[in-house]
Amino acid sequence: MMERNLLQGIDTVIVRVTDIERSKKWYTDILGFGITWDEPKMKLVVLNTSSNVSLTLWQTDETISINKNTASYPIFRTPDASALRINLEEKGVSTESIVTDDYVTYFFFYDPDGNILEACQVHE
């Protein structure tokens, strides 16, 4: 059994990409994330998501194959899912329809490699 408090939360979420420069530009220009650390030799960039959890883009030479039914993906909090979706669509980002239930409003969108991303507005 693991000793209590040895795990202290999630530090970062890794998103594999095929072109680190293209993805770095997309995530900073389109999503507005700042760069915390950029390591060109490793083809790795850590992004500030304005939360305690960073997003790490890491280039791979492998084919990225995504299955929406089995993939893990980050969910970003937003105060206004509808406005964000319109903003992303105006920037040419592929988005899906908004879904609203009793607790949240959310939608899926995709980066240049087709990685699944979600934006979620919690109803308060």
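Below is a summary of the structure that appears in this document.

Conventions used here
- Residues numbered from 1 in each chain as written.
- Predicted model: local features only at pLDDT ≥ 70, side-chain atom pairs only at ≥ 80, totals over all residues.
- Heavy atoms only, no water.
- Helix = DSSP H or I, 4+ residues; strand = E, 2+ residues; numbered from the N terminus.
- Contact = heavy atoms within 4.5 Å.
- Areas by Shrake-Rupley, 256 points an atom, 1.4 Å probe, with all protein chains shown as cover.
- Buried < 20%, exposed > 50% of the residue type's maximum accessible area, 1.4 Å probe, protein only.
- Arc of directions from axis to C-beta.
- Polar contact = N/O pair within 3.5 Å; in protein donor to acceptor, adjacent residues only side chain to side chain.
- Phe/Tyr/Trp six-rings, centres within 6.5 Å; stacked < 30°, edge-to-face > 60°.
- Lys NZ or Arg CZ within 6 Å of the ring centre and 35° of its normal.
- Pairing = 2+ DSSP bridges.
- Axes fitted to C-alpha atoms, helices over the stretch in contact; angles between N-to-C directions.

Let us now look at the overall build of the protein. Within the protein, the secondary structure is distributed over two helices and nine strands. Helices and strands in the protein line up, N terminus first, as β-α-β-β-β-β-α-β-β-β-β. At a minimum sequence separation of 6, the contacts of the protein that also span at least 24 residues come to 49%. Summed over all atoms, the accessible surface of the protein reaches about 8,300 Å², with 49% contributed by carbon and sulfur.

Right, let's get into helix α1 (residues 20-29). For α1, every residue scored as buried is listed here: Ile20, Ser23, Lys24, Trp26 and Tyr27. Buried residues in α1, looked at end-on, bunch into an arc of 165 degrees, giving them a common side. Taking the backbone nitrogen of Glu21 as reference, a side-chain oxygen 3.1 Å away marks Asp19 as the first, capping residue of α1.

Here the focus is the packing of aromatic side chains. Here the structure, examined in full by the defined rule, presents five aromatic pairs. For the ring pair Phe33 and Phe76, a centre distance of 5.5 Å and an interplane angle of 45 degrees mean the geometry is tilted. Residue Phe33 is found in the loop between α1 and β2 (34-39), and its partner Phe76 is found in strand β5 (residues 75-77); the two are separated by 43 residues along the sequence. In terms of burial, Phe33 and Phe76 fall into one category: buried. Taking 5.7 Å as the distance between ring centres and 40 degrees as the angle between the ring planes, the aromatic pair formed by Phe107 and Phe109 counts as tilted. For Phe107, a relative accessible area of 0% gives the class buried. Given a relative accessible area of 2%, Phe109 falls into the buried group. Following the ring pairs from residue to residue traces out a cluster consisting of Tyr73, Tyr106 and Phe108. Here Arg16 stacks its cationic end above the ring of Trp58, 4.8 Å away from the centre of that ring. In this structure, Lys68 packs its charged tip against the face of Phe108, placed 4.0 Å from the ring centre.

Okay, the pairing of strand β9 (residues 116-122) next. Sheet faces and side chains relate simply in a regular strand, where the side chains alternate between the two faces. Burial analysis of β9 places five of its seven residues in the buried class, which makes it a mostly covered element. Pairing between β5 and β9: three bridges, direction parallel. For Phe76, the partnering residue across the bridge sits in β9 and is Ala119. Where strand β8 (residues 104-110) meets β9, seven bridges bridge the pair, whose relative direction is antiparallel.

This part covers the sheet that holds strand β3 (residues 44-48). Hydrogen bonds between backbone groups are what pair the strands of a sheet, and the pairing can be parallel or antiparallel. Strand order in this open sheet of four strands is β1-β4-β3-β2, and the pairing throughout is mixed. Looking along the sheet, the strands with just one partner apiece sit at the ends: β1 (12-17) and β2. Going across the sheet, the axis of each strand differs from the next one's by a mean of 20 degrees, ignoring polarity. Sheet analysis places β2 next to β3, joined by five bridges and oriented antiparallel. Looking at the pairing, Ile35 lines up with Leu47 of β3. Sheet contacts for α1: β1, β2, β3 and β4 (54-59); angle to β4, the most-contacted strand, approximately 155 degrees.

That's the geometry; what it means functionally is another story.
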